[in-house]
Amino acid sequence: MSKPKINKAVLAYSGGLDTSVIVPWLRENYGCEVICFCANIGQGDEELKGLEEKALASGASKVYVEDLRHEFAKDFLFPMLQSGAVYERQYLLGTSIARPLIAKWQVAIAEAEGADAVSHGATGKGNDQVRFELTYKALNPTLKVIAPWREWNIRSREDALAYAKKHNVPVVHTEKSIYSRDSNLWHLSHEGGILEDPRNEPEESMYQWTTSPENAPDEPEIVTVHFEEGIPVSVNDVQLPPAALIEKLNDLGAKHGIGRIDLVENRLVGMKSHGVYETPGGTILYAAHRELESLCLDRDTSHFKEELAVKYAELVYFGKWFHSLRESMQAFIGDTQKTVTGWVKFKLYKGNAIVIGRHSDNSLYREDFATFGKEDVYDQKDAVGFINLFGLQMKVQAMMDVSNGGKTRYAAPDYSKFKRD
């Protein structure tokens, strides 16, 4: 199959070996100009150091490095937090939620630069290729997509290093970790190495962010998180912008060994994978938001929102952030958050975020109602009629069972027929 004609491509660039090699590969195989784009979403200064110089030395014509930490927290992480979305009961979606933001900016830069293609370094076996490309389709379906891992003959790190040497790509020769990692403001993930066998306990040296619960401080630390309409706004009475608030809770949570998850998950592409995640601040925020909602949401809304959270998590995991269903769900979720204002207090201790208090002026939990007259709130005598109607179907079934001298299926057995010693 002949390759499409490409004049200019915008590459999602991390500075690692794979994306560094993709720059000359695109030029060699498509004869196009390559613009590199790197999103600072909190992966750390070390990963960003010398990025622009390296991309230019690899053959890029231009490099964009954008600090997206505030946008990531405000427009992606906090709306997801409000939803309560957790994939397969444990995963707080740290990698999943970041990809649509990166791809969104790729599209914007491609449009500003007059590029006709976008490219990424995701492999052909994982979830990220879907997340990138669904975003491209949603925001600008006219852009061509180049996924080198689905085309080239490079199959190993050694192949990539040989290609880099041949094309004078600057590569820092460091010993490669046995783990594949992804880091951002929300989490740090680990895959590969001994984790490929889920029977193995992760080695302590693998963790790079959180202290082990065993080595965490012996004294607990109290932290209070304030929310306004479902959005966290302060920690310990100090107002902080979104990204800074998450960073503060990351520091506190990591110090006390909070947020470690060992998970076998079902990938979108059909395979299972085993990963370990560190999400200290996110773990605290999810627990705090859940506790505040327990005060402020009525039963029906709370239970329906829990059902919705499962679907929301799937949409994020599958890369459908810009899907109309997710946006419509967000409108409903936003409406539920109008009363979710107040604070939650935690005791952080040895890997646990223990709730020790919560308060909201909008709380539906009202102890003073119990002291009102029966006509104001609740008359205990009303319970008789309620129970009769609520259990009517069960009563009718039992009446049918015994109508002809039979017994209900829950009747006690005839012990006289049992053999005795």
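Refer to the structure presented above.
This text gives an overview of the structure that appears in the document. Just so it is clear, the structure is predicted and the values come from calculations on it, not from any experiment.

### Focus on the overall build of the chain
- Of regular secondary structure, the chain possesses 13 helices and 14 strands.
- With the C-alpha coordinates aligned to their principal axes, the bounding extent of the chain is approximately 90 × 60 × 50 Å.
- Split into buried and exposed, the 421 residues of the chain put 45% on the buried side.
- Residue pairs at least 24 apart in sequence account for 73% of intrachain contacts in the chain once pairs closer than 6 positions are excluded.
- Of the roughly 22,700 Å² of accessible surface on the chain, 51% is carried by carbon and sulfur atoms.

### Examining helix H11 (residues 324–336)
- Over its 13 residues, H11 extends 19 Å from the first C-alpha to the last, a length consistent with the 18 Å expected when each residue adds 1.5 Å.
- Listed as buried for H11 are Arg326, Met329, Gln330, Ile333 and Thr336. Viewed end-on, H11 has its buried residues packed into an arc of 110°, placing them on one side of the element.
- At its buried positions, H11 is contacted by helix H4 (69–83) and helix H10 (299–317).

### Comments concerning the packing of H4 against helix H8 (residues 242–255)
- Between H4 and H8, whose axes approach to 7 Å, the crossing angle comes to 85°. Looking at the two axes, H4 sits roughly perpendicular to H8. Contact residues: H4 offers Arg69, His70, Ala73, Lys74, Leu77 and Phe78, while H8 offers Pro242, Ala243, Leu245, Ile246 and Glu247.
- The residue makeup of the contact of H4 with H8, split by class, is seven nonpolar, one polar and three charged.

### Some points on the packing of helix H5 (residues 94–113) against helix H6 (residues 128–139)
- Between H5 and H6, whose axes approach to 8 Å, the crossing angle comes to 45°. Classed by the angle they form, the pair H5 and H6 counts as oblique. For the element pair H5 and H6, the recorded crossing hand is right-handed. In this structure, H5 contributes Thr95, Ser96, Arg99, Pro100, Ile102, Ala103, Lys104, Gln106, Val107 and Glu111 to the contact, and H6 contributes Asp128, Arg131, Phe132, Thr135, Tyr136 and Leu139.
- Here the residues of the contact of H5 with H6 are counted per class, giving seven nonpolar, four polar and five charged.

### Structural notes on the pattern of salt bridges
- Under the definition given, this model contains 20 salt bridges.
- In this structure, Arg99 engages Asp182 in a salt bridge whose closest nitrogen and oxygen atoms are separated by 3.2 Å. Placement of the pair is Arg99 in helix H5 and Asp182 in strand E6 (residues 180–183), with a sequence separation of 83 residues. Like Arg99, the residue Asp182 is buried in the burial classification.
- The residue Arg299 makes a salt bridge to Asp300 at a minimum N-O spacing of 3.4 Å. As far as the burial class goes, Arg299 and Asp300 line up, both exposed.
- Bridged by salt links that share partners, the residues Arg99, Asp128, Arg131 and Asp182 form one connected network.

### Some points on the sheet that holds strand E2 (residues 33–40)
- One open sheet holds the five strands; their spatial order is E3-E2-E1-E4-E5, and the pairing between them is parallel. Looking at the sheet topology across the chains shown, the edges are occupied by strand E3 (62–67) and strand E5 (144–146). Strand-to-strand twist across the sheet, computed as the mean angle between neighbouring axes with direction ignored, equals 25°.
- The sheet contact formed by strand E4 (residues 117–119) and E5 spans three bridges and is parallel. Looking across to E5, one finds that Ser119 is bridged to Ile146.

### A look at the side chain of Asn250
- Here Asn250 shows up in helix H8.
- Judged by relative accessible area, Asn250 falls into the buried class, the value being 4%.
- Sequence-distant contacts of Asn250, that is, excluding residues within four places in its chain, are made with Leu185, Trp209, Pro280, Gly281 and Gly282.

### Side note on the side chain of Ser273
- Relative to the elements of secondary structure, Ser273 occurs in strand E12 (residues 272–278).
- One polar contact links Ser273 to Arg267, side chain to side chain, over a distance of 3.5 Å.
- Look past the residues within four positions of Ser273 in its chain and what remains in contact with it is Glu191, Leu263, Val264, Glu265 and Arg267.

Rules behind the numbers
- Residues numbered from 1 in each chain as written.
- Predicted model: local features only at pLDDT ≥ 70, side-chain atom pairs only at ≥ 80, totals over all residues.
- Heavy atoms only, no water.
- Helix = DSSP H or I, 4+ residues; strand = E, 2+ residues; numbered from the N terminus.
- Buried < 20%, exposed > 50% of the residue type's maximum accessible area, 1.4 Å probe, protein only.
- Contact = heavy atoms within 4.5 Å.
- Areas by Shrake-Rupley, 256 points an atom, 1.4 Å probe, with all protein chains shown as cover.
- Expected span 1.5 Å × (residues − 1).
- Arc of directions from axis to C-beta.
- Axes fitted to C-alpha atoms, helices over the stretch in contact; angles between N-to-C directions.
- Parallel < 35°, antiparallel > 145°, perpendicular 65-115°, else oblique.
- Nonpolar A, V, L, I, M, F, W, Y, C, P; charged D, E, K, R; others polar.
- Left-handed = near helix turned anticlockwise from the far one by under 90°.
- Salt bridge = Lys/Arg side-chain N within 4 Å of Asp/Glu carboxyl O.
- Pairing = 2+ DSSP bridges.
- Polar contact = N/O pair within 3.5 Å; in protein donor to acceptor, adjacent residues only side chain to side chain.

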